[in-house]
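One-letter residues, chain by chain:
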Number of protein chains: 4
Amino acid sequence: MPHKLNFAVVGGDERQVKLCELLAHDGHVVSAFALDKAEMSGVITSGCDTSELRNKYDCVILPVPVKSDAEYLNTPLSAYRYKADDILSLFPTGQIVVAGKVDNALFAKAGRNGIRIYDYLEREDFTVQSSVSTAEGAIEEAMKALDTTLNQKSCLIAGFGHIGKILAHYLDGLGVKVTASARKSGDIAWISAYGYNAVRTAEIKEHIADYDIIFNTIPHLIFTEAVLSRAKRNVFICDLASKPGGVDFAAARELGLKTVHALSIPGKYAPMSAAEAMRDTIYNILDEWGD
Amino acid sequence: MPHKLNFAVVGGDERQVKLCELLAHDGHVVSAFALDKAEMSGVITSGCDTSELRNKYDCVILPVPVKSDAEYLNTPLSAYRYKADDILSLFPTGQIVVAGKVDNALFAKAGRNGIRIYDYLEREDFTVQSSVSTAEGAIEEAMKALDTTLNQKSCLIAGFGHIGKILAHYLDGLGVKVTASARKSGDIAWISAYGYNAVRTAEIKEHIADYDIIFNTIPHLIFTEAVLSRAKRNVFICDLASKPGGVDFAAARELGLKTVHALSIPGKYAPMSAAEAMRDTIYNILDEWGD
Amino acid sequence: MPHKLNFAVVGGDERQVKLCELLAHDGHVVSAFALDKAEMSGVITSGCDTSELRNKYDCVILPVPVKSDAEYLNTPLSAYRYKADDILSLFPTGQIVVAGKVDNALFAKAGRNGIRIYDYLEREDFTVQSSVSTAEGAIEEAMKALDTTLNQKSCLIAGFGHIGKILAHYLDGLGVKVTASARKSGDIAWISAYGYNAVRTAEIKEHIADYDIIFNTIPHLIFTEAVLSRAKRNVFICDLASKPGGVDFAAARELGLKTVHALSIPGKYAPMSAAEAMRDTIYNILDEWGD
Amino acid sequence: MPHKLNFAVVGGDERQVKLCELLAHDGHVVSAFALDKAEMSGVITSGCDTSELRNKYDCVILPVPVKSDAEYLNTPLSAYRYKADDILSLFPTGQIVVAGKVDNALFAKAGRNGIRIYDYLEREDFTVQSSVSTAEGAIEEAMKALDTTLNQKSCLIAGFGHIGKILAHYLDGLGVKVTASARKSGDIAWISAYGYNAVRTAEIKEHIADYDIIFNTIPHLIFTEAVLSRAKRNVFICDLASKPGGVDFAAARELGLKTVHALSIPGKYAPMSAAEAMRDTIYNILDEWGD
């Protein structure tokens, strides 16, 4: 990113504010829209009139998630509300836009208007950086919840996707006995290659009594009552999968098991890293355009 | 520990209560003294009359720290107060006693009475287990204090003693860029052997601007105003050394640096692990007697 | 794999012999073909007449690689030669066959005959296990080639695919300063998440003077004369990419650089692990059929 | 080491030659004695007359080990032989001398002459750097000896001293299942803190059947016939303890176990690192004098 670029940043929460500051700090021109209730430091033109969005920017940055409901833009730090479609209609043809959790309606609207929308969540670079935050946040949750150390505890990570891979790496580094589960043979091989214990996800039931701590990353019901009933009485279960998650929480409560459903960790635990992940992803997108 | 032993547990805080429960859970006979305000589960004879301490036990367990001031036993969970000397006078000759932070007066008293006192803090097994708790607690502190992830941050650990060694191992496992400092050439060699960056403690001043996070473990004033004034503005400093610590906190405040003086971590963050460390150390002591 | 299966093992090298023994050891019925010069222990029916391949087996196992040239089966441990097509013609419809490096001609032949061929090399489980062998073999090569220890050396791994990921993990564990290169932003994020240094493959040229050891895993010419001319004089370069590799070896020789082109490591360094990878993959394939 | 120093290097093997080159490369004045059969590059005054040793040098460097027998200096790269006492008699009072494996006779002689001899082997910095070489060499030995990968193998390290600590760290990094043994409770606590499995050395016998690979670092007979007879038939045992080592090799041979007695690894596997360890230790010694 050698030269000075023009960014329009529209709506969003604290992460979006920090993003404005990071971009300004790198020497770019930043115009902030729908962030009128936020305080920002650095050279940022704030409180801009949305009609200015008719101009072409090097990149327009919409919120994560882009909408607060089916229709409206997600603008918690503005006194005003904007229909997402109306904002999109302002952009000139060819405008590059970045946003989070873009639905098909919005992609279609963009397609009809000749606008190029990138969704952070479809980007490997963004997903990995978010998974780092989630993995660290999960470890912090476990440290807070337990009256013991993690060291030498036997721990199951259900699922070996982005979060599972990074969480396994970090827990292993803390001297935890790590078992990771996967459905596919290829992932089982990866788990072994990294030196962890491997178990088939379908066979968790047979082994669950071995674990002191369980992190779930699978967005399906894995920890049913039948499975939970075989767990240690003092197990700690941290579900990292988005709602409804992979744990039967009612059954867990009934059984007296200690559980946490840890959601949206990156924004809560490490908002600055979340903003940095957004910045890095935007730079990568613009770089790839330049290639 | 194959057979059933007789333990007298006298005074102390929540850790001492958990210790009673752990010992009872292992099948031993546990008599609790000066813990009359504590609730305990398991087969423990609580509320015993101190005159019973004239009997011989396989081991008498005094608090950590053993005294609340120069004279009195540390009994926060009792309605009564006891002079440490008076309690010691009850024990029969040859009694094995374990306690924490035993002062010379108490060692001398024990010597005159033919009693064998072990201080947890002089035991490597206890110190290492406590250092695990301290290292994990320090990581939790940093995670809480920072609005970023630890991953890829540049981190200095001042001092490569028990806590420094374990903390370096864990932070390295979290993908942190670890530099550790030491005074002695031998420790510098150890730091390199483990794959970390090494710096002489006397040369921290020249390098301090490189670090995002600093953990101090040295119980001397290392981070003076002159050193702190060269640090990054957004550095986070966590002092783990017992009071007064190794950081000029007044100067740090003046400079606007974010600091935490994290004290007595094992008892606060992981009380169950603290009780387990006490139990393991007691078993080790009795085993060594048996050899 | 609870029950006794019928395997036909045809041709191949020492790994195939060990595979026969592993399968027999697991209690299966093993018939060996075109391995007449090999000595085998365990209950294996060796020296079978190829006409028996008209029978249906639970699985027929062909060599890795399956052919020695365009036409003939790879049978270095047999006194006889067989055309691959002729052997394939013997198999009954529906036969499951596993082989390595299957070319389109053979896949087509199988398709016409209603035979199901699996290629090990298209299986993630097999590839990961082979990459473990390659990574360990690469480390052994470096240890042999260098008159220093690896610890604290600055090392570049070019490429962050299967081998790159595992090699980075292992070298990091040895206290090596690991930098990995990748082309894609997502892989750069992975490299950072694991705690290594990241560099864009296109920017290796600017950084090559920093490295003591270089492992190449990219099957394109990355280390041209222009790049190599900037390297340290005493660098060690180990090329792990299959022929022609990613290093201009002639230029390296001219410059006096120490290089090794390490090929086919799994079979050479850890033939038993290679056979185990074959066995595990076959079991996984048969399990997936059963699902 | 800011300024130019005067070194006299006397006798020794290839490591001593490399040491001359390293010192010359750092800009020091190097006079080489009793190395007349060695070829050296760099600005070194070779083939000096031993009478010049009457001069005072910043440091005189004798061989590792200093003597080849009870009387003579260890000078394998010289056509001449020198009595150690005669050489020592030449040095002026106050001369700083560094050497390896100094016996009491030599220390006494030095004491009478007012000469200050340092023995590398009594220095923590040197011992740790040598242990890094030994640990890497041990891993190379195991890789060479085994027809499998190390990854996921179950491995015992007997003894948790310098070599045990570093070897455990490296093997863990390679995805090996590490168990380390120790006699003392403190070391058992360290082993757990680092995340390995711990076993009492006295209880190895009960667990030996679990291990695929065994490294011994204890200089006493631990692996007696009674212990070895319970090991896996295909175990690999690498004894790193100096002669006679800790393994009953005759019994192992009888039982058909694969063993290696790996001696003097640092000099053989990584002679340049051995020379660097000598250089670093000498610099540290001179620095400590300056303090």
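Residues numbered from 1 in each chain as written. Chains lettered and ligands numbered in written order. Predicted model: local features only at pLDDT ≥ 70, side-chain atom pairs only at ≥ 80, totals over all residues. Heavy atoms only, no water.

## Things to note about the overall build of chain A
- When helices and strands are counted, chain A shows 11 helices and 12 strands.
- Reported as C-alpha extents along the three principal axes, the dimensions of chain A are approximately 60 × 40 × 35 Å.
- Of all 291 residues assigned to chain A, the portion counted as buried reaches 60%.
- Looking at chain A as shown, the accessible area adds up to about 11700 Å², and 48% of this sits on carbon and sulfur atoms. (Helix = DSSP H or I, 4+ residues; strand = E, 2+ residues; numbered from the N terminus. Buried < 20%, exposed > 50% of the residue type's maximum accessible area, 1.4 Å probe, protein only. Areas by Shrake-Rupley, 256 points an atom, 1.4 Å probe, with all protein chains shown as cover.)

## Regarding the packing of helix 6 (residues 185-193) of chain B against helix 4 (residues 124-145) of chain D
- Taken N-terminus to C-terminus, the directions of helix 6 of chain B and helix 4 of chain D make an angle of 20°; their axes are 7 Å apart at the nearest point. Here helix 4 of chain D runs roughly parallel to helix 6 of chain B, going by the angle between their axes. Seen from above, helix 6 of chain B lies across helix 4 of chain D with right-handed handedness. Contacts between helix 6 of chain B and helix 4 of chain D pair Ser185(B), Gly186(B), Ala189(B), Trp190(B) and Ala193(B) from the former with Glu124(D), Asp125(D), Val128(D), Gln129(D) and Val132(D) from the latter.
- Among the residues making up the contact of helix 6 of chain B with helix 4 of chain D, the classes are represented as 5 nonpolar, 3 polar and 2 charged. (Axes fitted to C-alpha atoms, helices over the stretch in contact; angles between N-to-C directions. Parallel < 35°, antiparallel > 145°, perpendicular 65-115°, else oblique. Left-handed = near helix turned anticlockwise from the far one by under 90°. Contact = heavy atoms within 4.5 Å. Nonpolar A, V, L, I, M, F, W, Y, C, P; charged D, E, K, R; others polar.)

## Topic: the pattern of salt bridges
- Taken as a whole and assessed by the stated rule, the structure comprises 36 salt bridges over all chains.
- Between Asp69(B) and Arg81(B) there is a salt bridge, with the nearest N and O atoms lying 3.6 Å from each other. Note that Asp69(B) is positioned in the loop between strand 4 (59-61) and helix 2 (84-90) and Arg81(B) in the loop between strand 4 and helix 2, a separation of 12 residues in sequence.
- Its relative accessible area of 37% is what places Asp69(B) among the partly exposed residues.
- Assessed through its relative accessible area of 55%, Arg81(B) is described here as exposed.
- One salt bridge in this structure joins Lys232(C) and Asp212(C), with 2.7 Å as the shortest N-O distance. Within this pair, whereas Lys232(C) is found in the loop between helix 8 (225-228) and strand 11 (236-239), its partner Asp212(C) is found in the loop between helix 7 (204-207) and strand 10 (213-216), the two being separated by 20 residues in sequence.
- In this structure Asp212(C) comes out as buried when scored by relative accessible area, which is 18%.
- One salt-bridge network, in which partners are shared between bridges, spans Arg123(A), Asp125(A) and Glu288(A). (Salt bridge = Lys/Arg side-chain N within 4 Å of Asp/Glu carboxyl O.)

## Things to note about the relation of the copies chain D and chain A
- When chain D is fitted to chain A, the residual RMSD is 0.1 Å, and the transformation amounts to a turn of 180° plus an axial shift of 0.0 Å. Both copies of the chain, as the preceding transformation shows, are related through a two-fold rotation axis.
- The overlap is high: 100% of the interface residues of chain D also sit at the interface in chain A, so the same surface is used on both sides. (Least-squares fit on C-alpha atoms with pLDDT ≥ 70 in both.)

## Regarding the relation of the copies chain B and chain A
- Expressed as a screw transformation, the operator carrying chain B onto chain A has a rotation angle of 180° and an axial translation of 0.0 Å, and the superposed copies differ by an RMSD of 0.1 Å.
- Of all interface residues in chain B, 100% are interface residues in chain A too; the two copies therefore contact each other through one and the same surface.

## Some details on the environment of Ala182(D)
Residue and element names in this part refer to chain D.
- As for its position among the elements, Ala182 is in strand 8 (residues 177-182).
- Spatially, the C-alpha atoms of Ala182 and Phe160 are 5.8 Å apart, while their sequence positions differ by 22 residues.
- Here Ala182 is in contact with Phe160, Asp187, Ile188, Ile191, Val199, Arg200 and Thr201, once residues within four sequence places are set aside.

## Comments concerning the interface of chain D and chain A
- Listed by partner, the interface residues are 11 residues for chain D and 11 residues for chain A.
- Interface of chain D and chain A: buried area, both sides summed, is about 670 Å²; carbon and sulfur atoms make up 27% of it.
- The largest share of the area that chain D buries against chain A comes from Gln152(D), Lys177(D) and Gly195(D), three residues that together contribute 45% of it.
- Seen at the junction of chain D and chain A, the total is 0 salt bridges.
- For the side of chain D that touches chain A, the leading source of residues is helix 6 (residues 185-193) of chain D, giving 3 residues.
- Along the lines of polarity and charge, the residues of the side of chain D that touches chain A split into 4 nonpolar, 6 polar and 1 charged. (Buried area = accessible area lost by both parts, 1.4 Å probe.)

## Overview of the sheet that holds strand 5 (residues 96-99) of chain C
All names here are of chain C.
- Strand order in the open sheet formed by 6 strands is 3-2-1-4-5-6, with parallel pairing between adjacent strands. Whereas interior strands pair on both sides, the edge strands pair on one side only; in this sheet they are strand 3 (44-45) and strand 6 (116-119).
- Two elements, strand 5 and strand 6, share 4 bridges in a ladder whose sense is parallel. Bridging from a neighbouring strand, Val97 pairs with Ile117 of strand 6.
- In this fold helix 1 (residues 14-25) packs onto strand 1 (6-10), strand 2 (29-33), strand 3 and strand 4 (59-61), with an angle of close to 170° to the strand it touches most, strand 1. (Pairing = 2+ DSSP bridges.)

## Thoughts on the interface of chain B and chain A
- Listed as interface residues are 23 residues of chain B and, on the opposing side, 23 residues of chain A.
- When the two sides are added together, the surface that chain B and chain A hide from each other amounts to roughly 2000 Å², 56% of it contributed by carbon and sulfur.
- The largest per-residue losses of area from chain B upon contact with chain A belong to Glu136(B), Met143(B) and Asp147(B), which jointly make up 28% of the total buried on that side.
- Here chain B is connected to chain A by 2 salt bridges.
- Here Asp147(B) and Lys18(A) are joined by a salt bridge, their closest N and O atoms 3.6 Å apart.
- Every element with two or more residues in the side of chain B that touches chain A is listed here: helix 4 (124-145), helix 5 (162-173) and helix 11 (271-290) of chain B.

## Quick word on the pairing of strand 1 (residues 6-10) of chain D
All names here are of chain D.
- Along strand 1, 4 of the 5 residues are buried, which leaves the element largely enclosed by surrounding structure.
- The sheet contact formed by strand 1 and strand 2 (residues 29-33) spans 5 bridges and is parallel. Bridge pairing in strand 2 links Ala8 to Ser31.
- Crossover connection from strand 1 via helix 1 (residues 14-25) to parallel strand 2: handedness right-handed.
- Pairing analysis gives 3 bridges linking strand 1 to strand 4 (residues 59-61), with the strands arranged parallel. Directly across from Val9, in strand 4, lies its bridge partner Ile61. (Right-handed = clockwise from strand over helix to strand, strands pointing away.)

## A look at the confidence of the model for chain A
- Averaged over every residue, the pLDDT of chain A is 95; the share at 70 or more is 99%.
- Scored as a whole, the predicted complex attains pTM 0.95, and scored at its interfaces, ipTM 0.94. (pLDDT = per-residue confidence, 0-100.)

## Looking at the packing of aromatic side chains
- The full count for this structure, using the stated rule, is 22 aromatic pairs over all chains.
- These aromatic residues form a ring-pair network of at least three members: Phe160(A), Trp190(A), Tyr194(A), Tyr196(A), Phe160(C), Trp190(C), Tyr194(C) and Tyr196(C).
- Taking NZ or CZ as reference, Arg81(A) lies 3.9 Å from the ring centre of Tyr72(A), over its face. (Phe/Tyr/Trp six-rings, centres within 6.5 Å; stacked < 30°, edge-to-face > 60°. Lys NZ or Arg CZ within 6 Å of the ring centre and 35° of its normal.)

## Digging into the pairing of strand 7 (residues 154-158) of chain A
All names here are of chain A.
- The buried fraction of strand 7 is high, at 5 of 5 residues.
- Burial of the side chains of strand 7 extends over both faces: Ser154, Leu156 and Ala158 are buried on one face and Cys155 and Ile157 on the other.
- Sheet topology note: the strand 7/strand 8 (residues 177-182) ladder contains 5 bridges and is parallel. Its bridge partner being in strand 8, Ser154 is matched across the sheet by Lys177.

## Observations concerning the sheet that holds strand 10 of chain C
All names here are of chain C.
- The 6 strands are arranged 9-8-7-10-11-12 in an open sheet whose pairing can be described as parallel. Here the strands that pair on one side only, and so sit at the sheet edges, are strand 9 (197-200) and strand 12 (258-261). Sheet twist, expressed as the mean angle between neighbouring strand axes with direction ignored, is 20°.

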